[in-house]
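# Structural overview for review
One letter stands for each residue in the lines below.
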There are 2 protein chains.
Amino acid sequence: MRRPTIKDVAERAKVSLKTVSRVINNEPSVMQGTRARVLHAIAELDYEPDPAARNLRSATPFVIGLVYDNPNPYHIIGVQNGVLAACRETGFGLQIQPCDSTSPLLAEELAEFVQRSRLAGLVLTAPMSERPELIAALSARGVQLVRIIAATEDPGDGPPCVYVDDRDAAYEITEHLIQLGHQRIGFLMGGMAHRSSTERHAGYEQALKDYGISPDKHLVIPGDYTFDDGFRGARRLLALREPPTAIFGSNDEIAAGVLAAAKSAGMNVPYDLSIAGFEDSPFSKQSWPPLTTAKQATEDIAKQAARLLIARLRQDAYADTPIALHNQGFTPQLVVRGSTAPVRPARAEAKTQSA
Amino acid sequence: MRRPTIKDVAERAKVSLKTVSRVINNEPSVMQGTRARVLHAIAELDYEPDPAARNLRSATPFVIGLVYDNPNPYHIIGVQNGVLAACRETGFGLQIQPCDSTSPLLAEELAEFVQRSRLAGLVLTAPMSERPELIAALSARGVQLVRIIAATEDPGDGPPCVYVDDRDAAYEITEHLIQLGHQRIGFLMGGMAHRSSTERHAGYEQALKDYGISPDKHLVIPGDYTFDDGFRGARRLLALREPPTAIFGSNDEIAAGVLAAAKSAGMNVPYDLSIAGFEDSPFSKQSWPPLTTAKQATEDIAKQAARLLIARLRQDAYADTPIALHNQGFTPQLVVRGSTAPVRPARAEAKTQSA
């Protein structure tokens, strides 16, 4: 029996020789369905591409890297799934690299990561994506990258980016709490290395100001984007002589910690305390009561970022891909669930009764 | 000023030329601390390796792939972190690839993934790792791999593996519930493609049998490893004419669904209903009450699996790495938290009162 050839594969899969060759060489320009048909034909015929020919495959690496330093597993998975979706569309592979954002050698380490793994480019998440000197150092080393950052508007310079208006969304959450009658609203910060943390705090402060509520510095507690810091922060707030009637955690992990602290203190959420988070993580839907939060569309944001990067890489490789390279903004949307309710006029009633 | 040489780097970093060369060529045999020192010296001197020399770098690819098809983000992150830890020890990179375990072309797709991305080998998770025909097809294509599987003992054949005794751990959880006085214990299955699901069910049945409790098929509900199936399954169980007093969800996501179903029905957990999960995910610690579960050590399991794979790859590459290649077993450990409590003799009391 003669050895099957590339022509046999093309006939069986009902595609051109060029398409078979593209699949074998993993060029990213083949549709998923066509690719599957070709792979199927290759399997049925037991066709083996000439190994020498395979070794001549394109030298362009079609793998990108995702770099993160974030304590929140749900957030990482969301970002990863978004980047993977963009990779799947285009036939790119994804290598992941957690890093220590405080390392003094970060630029060297990341450039080495790119070179060693022959990556075509990087998706940089916060806080790395928000450090101009790191971006400059990577660009100077020829690393192609896209940034996911917190910002109210397109920064308009530097490598491509996707920006998320955390400030506006935090304003909306705070406004929602104020409209429920809350005046003393606690705020638990996220990690200060993340610009999202200061942006969310700015949205909180602006809403208080616009509604004529004077900020009380005892109601704002520093911390990281973690459950433990949410738990600890809530306990500090609830121990105040005049505790808040609502607590806004800078992400859902923090809010989960607040919820646990409130319940362990025997409080009934939302009647004794309203709680809001930020992110719309699976936890926010699965907790009881489910959490009021801001839906962040993490997957879409990351997918769009990876698309921007890949479009640029393909332009460089083929100089013919007609994809526009616009930075894109996202604003998380308020999602109201069972963890927030109108303030209970407990003190007022108590006063009336004792009068 | 003369261009810095590799010798300058070696002197500044106080290491041998060979070590500098190893770092530049990313050979996996350099300790982390040494690697950092060399990178630091390279940065300080602004040393640039001869690009021609760099292109002659080892043709051996030091990247492995992690393949998964699992609906549970916490589980994926746990596995990923374990594999990344082993990669970090050894200088390997990690590419990730979600897949559709039901695809009829899975072997072709995975082999193509390995070839396209020039991966040295794969870490296969369940359910892919538990399908002998897939393992055989990949091995026939020369793909090096390690399997993470559910099994009570070392299978003793095929590629290296790490095996997790889910049956024994599920027995322990069921025994814990029985010892609290529960006789009617609901069981919510995980996805049937995963051997862990049938293993956990077998442990549940064995414990009932050993304690002389006859199994009731109405108490066992099929489903997937998801929150939604936990919620739905719990509602079915709680609607039974004689509902269970405890529910064992096959993983923590399922148990989270049970918790939400119980609370939405106004039940007080654990007094009205005991709930146990499996995995020791962050949710199990963060929910209220926190969940009794089996601590699965997902990161350690995955780390050990990746170590096995990398040890084998290095033996192949250098034929001198003195690392033993033993398969290793893990047994998840019972962790008792607030979601399980002694059965409340509600029916008995009610009868006595009405008599």
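Residues numbered from 1 in each chain as written. Chains lettered and ligands numbered in written order. Predicted model: local features only at pLDDT ≥ 70, side-chain atom pairs only at ≥ 80, totals over all residues. Heavy atoms only, no water.

### Re the overall build of chain A
The helix and strand inventory of chain A stands at 14 helices and 12 strands. Looking at chain A as a whole, 56% of its 355 residues are labelled buried. The contacts of chain A with a sequence gap of at least 6 include a subset with a gap of at least 24, amounting to 71%. Surface summary for chain A: the accessible area is close to 15,500 Å², and the carbon and sulfur share equals 51%. (Helix = DSSP H or I, 4+ residues; strand = E, 2+ residues; numbered from the N terminus. Buried < 20%, exposed > 50% of the residue type's maximum accessible area, 1.4 Å probe, protein only. Contact = heavy atoms within 4.5 Å. Areas by Shrake-Rupley, 256 points an atom, 1.4 Å probe, with all protein chains shown as cover.)

### Some words on the sheet that holds strand β8 (residues 246-249) of chain B
All names here are of chain B. Strand order in the open sheet formed by 4 strands is β7-β6-β8-β9, and the pairing between neighbours is parallel. Two strands bound the open sheet, and with one partner strand each, they are β7 (220-221) and β9 (274-276). One ladder, built from 2 bridges, connects strand β6 (residues 185-188) with β7; its direction is parallel. Across the sheet, residue Leu 188 finds its bridge partner in β7, namely Ile 221. Against the sheet, helix α9 (residues 195-210) touches β6, β7 and β8, its axis set at about 165 degrees to β6. Contacting β6, β7 and β8, helix α10 (residues 227-238) runs over the sheet at an angle of about 150 degrees to β6. (Pairing = 2+ DSSP bridges. Axes fitted to C-alpha atoms, helices over the stretch in contact; angles between N-to-C directions.)

### Looking at the pattern of salt bridges
All chains considered together, the criterion is met by 28 salt bridges over all chains. The shortest N-O distance in the salt bridge between Lys 303 of chain A and Glu 89 of chain A comes to 3.8 Å. Taken together, the residues span a long stretch of sequence, with Lys 303 of chain A in helix α13 (residues 298-318) and Glu 89 of chain A in helix α5 (residues 73-90) at a distance of 214 residues. Between Arg 141 of chain B and Glu 108 of chain B there is a salt bridge, with the nearest N and O atoms lying 3.1 Å from each other. Within this pair, whereas Arg 141 of chain B is found in the loop between α7 (132-140) and β4 (145-150), its partner Glu 108 of chain B is found in helix α6 (residues 106-116), the two being separated by 33 residues in sequence. (Salt bridge = Lys/Arg side-chain N within 4 Å of Asp/Glu carboxyl O.)

### Let's talk about the domain arrangement of chain A
Residues and elements named next belong to chain A. When cut into domains, chain A gives domain 1 (6-49), domain 2 (59-165 + 297-332) and domain 3 (166-294 + 335-354). One C-alpha centre belongs to domain 2, the other to domain 3; they are set 32 Å apart. Contacts between the two partners involve 19 residues from domain 2 and, on the opposite side, 22 residues from domain 3. Note on domain 2 versus domain 3: buried area summed over both sides is about 1,500 Å², and carbon and sulfur give 53% of it. At the surface where domain 2 touches domain 3, the tally comes to 0 salt bridges. Of all elements in the fold, only α5 and β4 (145-150) reach the threshold of two or more residues within the side of domain 2 that touches domain 3. Element by element, the count of residues in the side of domain 2 that touches domain 3 is highest for α5, at 3 residues. (Domains from an automatic or database assignment. Buried area = accessible area lost by both parts, 1.4 Å probe.)

### Here we look at the interface of chain B and chain A
Taken together, the 45 residues of chain B in the interface contact 45 residues of chain A. The junction of chain B with chain A conceals about 4,000 Å² of combined surface from both sides, 59% of it contributed by carbon and sulfur atoms. When the buried surface of chain B facing chain A is broken down by residue, Arg 116, Gln 286 and Trp 288 of chain B rank first, second and third, together holding 16% of it. Summed over the shared surface of chain B and chain A, the result is 1 salt bridge. Taking the shortest distance from any N to any O, the salt bridge between Glu 112 of chain A and Arg 35 of chain B comes out at 3.6 Å. In this assembly, chain B and chain A are joined by 3 residue pairs in polar contact (both at pLDDT 80 or more). When residues of the side of chain B that touches chain A are traced back to their parent elements, those giving at least two are α3 (32-45), β1 (63-68), α5 (73-90), β2 (93-98), α6, α11 (252-264) and α12 (282-286) of chain B. (Polar contact = N/O pair within 3.5 Å; in protein donor to acceptor, adjacent residues only side chain to side chain.)

### Examining the relation of the copies chain B and chain A
Note on the identical chains: chain B maps onto chain A by a rotation of 180 degrees and an axial translation of 0.1 Å, with an RMSD of 0.1 Å. These values place the two chain copies in the arrangement generated by a two-fold rotation axis. Minimal C-alpha distance to the rotation axis in chain B is attained by Gln 95 of chain B, lying at 2.0 Å. When the interface residues of chain B are mapped onto chain A, 100% of them again lie at the interface, so the same face is used by both copies. (Least-squares fit on C-alpha atoms with pLDDT ≥ 70 in both.)

### Digging into the side chain of Ser 274 of chain B
Residues and elements named next belong to chain B. Tracing the sequence through the fold places Ser 274 in strand β9. For Ser 274, a relative accessible area of 0% translates into the label buried. In this structure the side chain of Ser 274 is engaged in a polar contact, spanning 2.9 Å, whose partner is the backbone nitrogen of Ala 341. In this view, Ser 274 contacts Leu 177, His 182, Thr 245, Ala 246, Ile 247, Ser 339, Thr 340 and Ala 341; residues no more than four positions away in its chain are not counted.

### Brief notes about the packing of α5 of chain A against α5 of chain B
Running from N to C, α5 of chain A and α5 of chain B cross one another at 90 degrees; their axes reach a closest spacing of 9 Å. When the interaxial angle is binned, α5 of chain A and α5 of chain B end up roughly perpendicular. When α5 of chain A is examined against α5 of chain B, the residues Pro 73, Tyr 74, Ile 76, Ile 77 and Gln 80 of chain A are found in contact with a partner set consisting of Pro 73, Tyr 74, Ile 76, Ile 77 and Gln 80 of chain B. Tallied by class, residues from the contact of α5 of chain A with α5 of chain B come to 8 nonpolar, 2 polar and no charged. (Parallel < 35°, antiparallel > 145°, perpendicular 65-115°, else oblique. Nonpolar A, V, L, I, M, F, W, Y, C, P; charged D, E, K, R; others polar.)

### With respect to the sheet that holds β1 of chain B
Pairing is mixed in the open sheet, where 12 strands are placed in the order β11(A)-β5(A)-β4(A)-β3(A)-β1(A)-β2(A)-β2(B)-β1(B)-β3(B)-β4(B)-β5(B)-β11(B). Each edge of the sheet is formed by a strand with only one pairing partner; in this case those strands are β11 (328-330) of chain A together with β11 (328-330) of chain B. Between one strand axis and the next, the sheet turns through 20 degrees on average, direction left out of account. Summarising the sheet, strand β5 (residues 161-164) of chain B and β11 of chain B pair through 3 bridges and their orientation is parallel. Counterpart to Tyr 163 of chain B in the pairing with β11 of chain B is Gly 329 of chain B.

### A closer look at the packing of aromatic side chains
For the structure shown, the criterion picks out 10 aromatic pairs over all chains. Judged by centre distance (4.7 Å) and plane angle (25 degrees), the ring pair of Phe 187 of chain B and Tyr 204 of chain B falls under stacked. Within this pair, whereas Phe 187 of chain B is found in strand β6, its partner Tyr 204 of chain B is found in helix α9, the two being separated by 17 residues in sequence. Judged by its relative accessible area of 0%, Phe 187 of chain B is buried. In this structure Tyr 204 of chain B comes out as buried when scored by relative accessible area, which is 2%. Three or more aromatic residues joined by ring pairs form one cluster here, namely Phe 187, Tyr 204 and Phe 248 of chain A. Positioned above the aromatic ring of Phe 278 of chain A, the side-chain terminus of Arg 200 of chain A is 3.8 Å from the ring centre. (Phe/Tyr/Trp six-rings, centres within 6.5 Å; stacked < 30°, edge-to-face > 60°. Lys NZ or Arg CZ within 6 Å of the ring centre and 35° of its normal.)

### Notes on the pairing of strand β6 (residues 185-188) of chain A
Successive side chains on a regular strand alternate, one facing one side of the sheet and the next facing the other. All names here are of chain A. Both faces of β6 are covered, namely the face carrying Ile 185 and Phe 187 and the face carrying Gly 186 and Leu 188. Strand direction decides the pairing type here: β6 and strand β8 (residues 246-249), joined by 4 bridges, are parallel. Looking at β8, one finds that Leu 188 is bridged to Gly 249. Read from β6 through helix α9 (residues 195-210) to strand β7 (residues 220-221), the crossover connection turns out right-handed. (Right-handed = clockwise from strand over helix to strand, strands pointing away.)

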